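The primary structure of each chain is shown beneath.
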Amino acid sequence: MTSSDSSLQLNHTPGHVKHSGHNLTGFVIFLCSESIIFLAFFAGFTIFKLTSPEWLPPGVDGLDIKMPLINTIVLVSSSFVAYFAERYLHKGNLWGFRIVWLITMLMGAYFVYGQYVEWSNLEFGLGSGVFGGTFYLLTGFHGLHVITGIGLMGLMLYHSFRPGNYDKGDMGVTAVSLFWHFVDVIWIILFVLIYVWQRY
Amino acid sequence: MTSTNFDPRILKAPHPVPGAPDNWKRFLSFNTDAKVIGIQYIATSLLFLLVGGLLAMIVRGELITPPADLVDPTVYNGLYTMHGTVMLFLFLFPVLNGLNNLLIPTMIGAPDMAFPRLNAAAFWLVPVFAVLLMASFFIPGGPAQAGWWSYPPMSIQNPLGHFINGEQLWLLAVALSGISSIFGAINFVTTIVRMRAPGMGFFKMPLYCWTAWGAQTIQLIGLPALTGGAIMLLFDLSFGTSFFRPEGGGDPVLYQHFFWFYSHPAVYVMVLPVFGIFSEVFTCYARKPLFGYKFVALASFGIVFLSLIVWVHHMFYTGTPNWMRILFMFTTMTIAVPTGVKVFAWVATLWGGKLRLTTPMLFCLGGLLNFIFAGITGVMLGTVPIDIHVGNTYFVVAHFHYVIFNAIVLGVFAAVYHWFPKFTGHMYYEGLGKLHFVLTFVGCTLNWLPLHWAGLLGMPRRVASYDPEFAIWNVIASIGAFILGVAAIPFILNMVSSWARGPKSPPNPWGAIGLEWLLPSPPPAENFEDDVPTVINNPYGYGLGEPQVADEDFYIRRAQEA
Ligand code: HEM
Ligand SMILES: [Cu+2]
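Just so you know, these numbers come straight off a predicted model, no measurement behind them.

## Regarding unusual backbone geometry
Trans peptide bonds make up most of the peptide bonds, and negative phi angles are found at most residues other than glycine. Residue and element names in this part refer to chain B. Note the cis peptide between proline 152 and proline 153, where omega equals 5°. Residue position: proline 153 is located in the loop between helix H3 (116–135) and helix H4 (166–194). That bond from serine 521 to proline 522 is cis: its omega, -10°, falls within 30 degrees of zero. Within the element layout of this structure, proline 522 appears in the loop between helix H14 (471–501) and helix H15 (552–561). Positioned with a positive phi, asparagine 527 is a non-glycine residue whose angle comes to about 55°. If you trace the backbone, asparagine 527 turns up in the loop between H14 and H15. In this structure, aspartate 551 takes a positive phi of about 60° despite not being glycine. Secondary-structure assignment places aspartate 551 in the loop between H14 and H15. For aspartate 551, a relative accessible area of 18% gives the class buried.

## A short note on the interface of chain A and chain B
Across the boundary between the two partners, chain A contributes 35 residues, which contact 41 residues of chain B. Here chain A and chain B share an interface that buries about 3300 Å² over both sides, 69% of which is from carbon and sulfur atoms. On the surface where chain A and chain B come into contact, there are zero salt bridges. One can count two residue pairs in polar contact (both at pLDDT 80 or more) joining chain A with chain B.

## Quick look at the coordination of the iron atom of ligand 1
Each pair of donors in an ideal four-coordinate tetrahedral metal site encloses 109.5 degrees, whereas pairs in an ideal six-coordinate octahedral site enclose 90 or 180 degrees. Residue and element names in this part refer to chain B. Distances from the iron atom of ligand 1 to its protein donors, namely His83 (NE2) and His401 (NE2), fall within the range 2.0 Å. Taken together, the six donor atoms surrounding the iron atom of ligand 1 define angles of 88 to 179° at the centre, an arrangement classified as octahedral. With histidine 83 in helix H2 (residues 73–108) and histidine 401 in helix H12 (residues 394–424), this pair connects stretches of sequence that are 318 residues apart. Note on accessibility: histidine 83 and histidine 401 belong to one class, buried.

## Considering the coordination of the copper ion (ligand 2)
All names here are of chain B. Bound to the copper ion (ligand 2) on the protein side are His264 (ND1), His313 (NE2) and His314 (NE2), at distances that span 1.7 to 2.0 Å. Here the donor residues of the copper ion (ligand 2) share one chain and are spaced in sequence as H-x48-H-H. On the criterion of sequence distance, the pair formed by histidine 264 in helix H6 (residues 252–286) and histidine 314 in the loop between helix H7 (293–307) and helix H8 (322–334) is long-range, its members being 50 residues apart. The exposure class assigned to histidine 314 is partly exposed, which follows from its relative accessible area of 22%.

## Remarks on the site of ligand 1
All names here are of chain B. What surrounds ligand 1 is a group of 24 residues, the closest being His83, Trp148, His401, Arg461 and Arg462. Note that a nitrogen atom of ligand 1 is positioned 2.8 Å from one of the side-chain N or O atoms of histidine 83. Elements with a minimum of two residues in the shell around ligand 1: helix H1 (34–63), H2, H12, helix H13 (430–456) and H14. With seven residues, the single largest contributor to the shell around ligand 1 is H12. Among the residues making up the shell around ligand 1, the classes are represented as 16 nonpolar, five polar and three charged.

Rules of the game
Per chain, residues are indexed from 1 in the order of the written sequence. Naming scheme: in the order in which they are written, chains are lettered from A and ligands are numbered from 1. Note on the predicted model: pLDDT of at least 70 is required for a residue's local features to be given, and 80 or more for side-chain atom pairs to be given and counted; whole-chain, interface and lining totals, by contrast, use all residues. Side-chain calculation: all heavy atoms of the structure are included, whereas hydrogens and water are not. For helices the rule is a DSSP run of H or I covering at least 4 residues; for strands it is a run of E covering at least 2, with both sets numbered from the N terminus onward. Here the term buried applies to any residue with accessible area under 20% of the maximum for its type, exposed to any over 50%, and partly exposed to those in between, with areas from a 1.4 Å probe on protein chains only. Whether two residues are in contact is decided by their heavy atoms: any pair within 4.5 Å suffices. Buried area is understood as the total, over both parts, of accessible area removed when two parts are fitted together, assessed with a 1.4 Å probe. Salt bridges are identified by distance alone: a Lys or Arg side-chain nitrogen within 4 Å of an Asp or Glu carboxyl oxygen. Under this definition, polar contacts are N or O atom pairs within 3.5 Å; protein pairs additionally need one hydrogen-donor-capable and one acceptor-capable atom, and for neighbouring residues in sequence, both atoms have to be side-chain atoms. Ligating atoms shown are N, O and S within 2.8 Å of the metal, or 3.2 Å for Na, K and Ca, and water is not included, meaning a site may look less than complete. Donor angles set the geometry label: tetrahedral for four donors if every angle is between 85 and 135 degrees, square planar for four and octahedral for six if opposite donors exceed 155 degrees and the others are between 65 and 115, irregular for anything else. Whether a residue is near a molecule or strand is decided by its heavy atoms; if any one of them lies within 4 Å of it, the residue is near. Just so you know the grouping, Ala, Val, Leu, Ile, Met, Phe, Trp, Tyr, Cys and Pro go in nonpolar, Asp, Glu, Lys and Arg go in charged, and all remaining residues, Gly too, go in polar.

Here you go:
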């Protein structure tokens with residue numbers, strides 16, 4: 001039983017430092033909860049798309065899929081890159097970790113840039129019916145998560161230069177890469193809903 | 001267990017959190033000790049019970065006569081909206097989080113919550129959104145008026161056209177409250193799952209922890225859905241989208257789904273911990289083991305699951321297709337099963353027990369009686385034809401106040417009295433407590449029992465003026481409400497004077513079973529510190545002579561000598 005082993009440790013370490021091991025549990029709970037906001041938005045999108053009498057605003061005949069597809073490929077591969085960065089860290093290769101981690105961040109930044117270019121070339125806005133509203137809401141809310149993820153990765157990179165940073169384990173890096181995979185999975189669902197589904 | 005006369009472990013003095021001021025000032029600071037945060041939550045929320053109560057007094061004052069003479073109808077809309085919002089988001093949720101903070105770590109033998117700083121942050125968000133919400137009384141156009149559920153299209157009208165308006169502040173406050181609750185929930189669940197004392201498997205855990213765990217699970221699943229809906233509503237109100245505007249292709253009913261997907265289970269976020277309180281208090285003052293402990297524990301999660309699939313019963317009369325109505329009528333009825341298990345277990349526990357009628361016991365007995373009554377009217381409301389008839393009448397108002405005030409708030413009062421000596425170190429005054437109970441019970445019964453009839457006769461809710469045929473019910477209700485207002489006086493007097501000058505409390509004044517009662521009153525900052533007891537039995541062995549923990553004598557002596 002998980003309870004007894006963690007509590008046994010409690011008995012012998014003083015003060016508040018003793019429960020840092022729960023951070024990952026807490027973070028996973030947070031991610032599960034966060035995914036439900038996206039679920040709510042996805043449900044809203046699906047219902048609107050199925051029931052709305054006029055889905056596309058006048059003058060708009062769908063979204064171009066090429067640019068978002070490239071973005072998807074970049075973001076999905078960045079998840080694998082992040083995984084390799086973590087592997088380097090576990091093997092104790094600190095510079096390997098830093099460089100590959102930085103590559104992950106750059107791929108994330110490219111994604112945000114691509115999103116920006118797409119947004120600025122669209123001929124509809126937030127107020128263009130439920131289509132415009134849900135499009136910007138979903139991509140914007142997801143984009144915020146990507147930006148947060150890049151920020152958190154930057155923080156981890158910065159921490160990696162602190163002496164003795166990994167003495168108590170590398171929970172922070174594990175949590176951030178978990179977050180990154182989460183952002184990635186959300187994007188895949190989002191991509192299918194918004195871009196792929198419009199063709200059918 | 002053996003215990004020699006001298007045990008060196010007893011000499012270890014409890015040490016306070018380094019750097020934390022040790023007097024009352026710590027209650028005004030960003031303190032990370034769960035016991036300080038718990039009291040911060042409870043004190044703040046009781047203050048807002050007064051605010052929400054005051055708003056209710058004005059509402060009842062208006063309703064004592066049929067015409068709208070005290071306030072005009074627009075002001076009236078703002079009053080009941082803010083009353084409901086304050087009561088839920090600034091009183092009930094915070095007060096329960098306060099109890100969680102006090103009880104969960106001490107009951108499971110943890111030194112603190114899993115994330116103490118996140119915990120403090122969650123608390124300090126409360127005053128922030130309280131100020132936002134209160135500020136809406138003072139801006140042009142006044143506070144939100146669309147009711148506590150904030151349905152569009154009412155809620156996205158913004159008649160004055162100001163960017164900052166009451167409804168917007170309302171939405172921001174509710175969003176911050178959601179963030180605070182999520183922070184809290186992550187903390188409570190992690191603490192319960194990861195930090196229990198050695199030997200405390202899930203089936204040796206106190207029922208309060210089971211129910212709090214269930215309630216916080218609902219928060220984690222349900223709140224994000226409401227947040228999603230609230231974000232969309234805010235965009236509609238302030239940034240020109242039309243998610244819920246029919247004229248722009250939107251769908252106002254979708255908001256209702258988002259809202260009730262959370263807000264029906266939210267009732268169980270509030271009532272589940274009170275079920276836990278009932279289980280703790282009934283066993284303690286009836287001196288009997290809890291009947292069917294395992295079933296009562298598991299029923300908590302039965303309720304969690306079912307509560308997530310019944311939300312459409314709130315939408316029976318708002319254009320819901322018939323198949324959906326029947327489906328959700330059926331799921332709604334099933335929730336009576338796990339709830340019934342609990343009620344049956346309490347009655348069986350009380351049956352034939354020698355009841356000690358202390359203040360907390362009286363509040364719980366009153367609360368249970370009212371809860372059973374509310375359960376009956378609840379099943380009536382879950383029936384589609386009845387609901388279509390009485391939905392949006394005072395029958396609904398009477399039903400949900402029976403749940404929320406007459407059962408939940410009474411249970412909360414019971415908890416405040418029951419654990420008051422533990423966490424303040426002082427006994428409360430029993431006489432004042434009983435006076436508080438009598439006034440509360442009489443007041444709440446007079447207030448809401450007659451309104452069931454007004455509702456059945458067709459008196460609509462959310463109106464400032466009504467047909468004179470309903471006058472008699474409303475006069476009685478208002479008298480009841482004013483008695484409730486008076487009931488606040490002995491309560492406040494009791495809390496303040498007994499904390500300041502009340503007799504010192506021993507570690508276990510009620511002879512109760514539970515890890516928290518093995519601690520000194522008040523417990524030291526780190527609770528059991530390095531000597532966490534090993535749990536060997538479930539906490540309801542009243543009259544069985546089974547100790548709950550190994551080496552119990554040692555802990556009892558240590559608490560007494562502290
Ligand atoms: C102090 C005793 C209380 C009195 C006298 C009182 C009275 C009222 C009245 C007259 C209404 C208006 C009903 C309507 O027209 O629809 C109302 C609404 C409401 N009350 Fe209370 N109430 C009390 C305590 C509470 C408590 C403790 C809670 C919750 C914790 C609560 C939650 C609500 C809610 C959610 C509404 C609905 C507001 C709306 O329609 O938007 N009340 N109350
Ligand atoms: Cu409901």
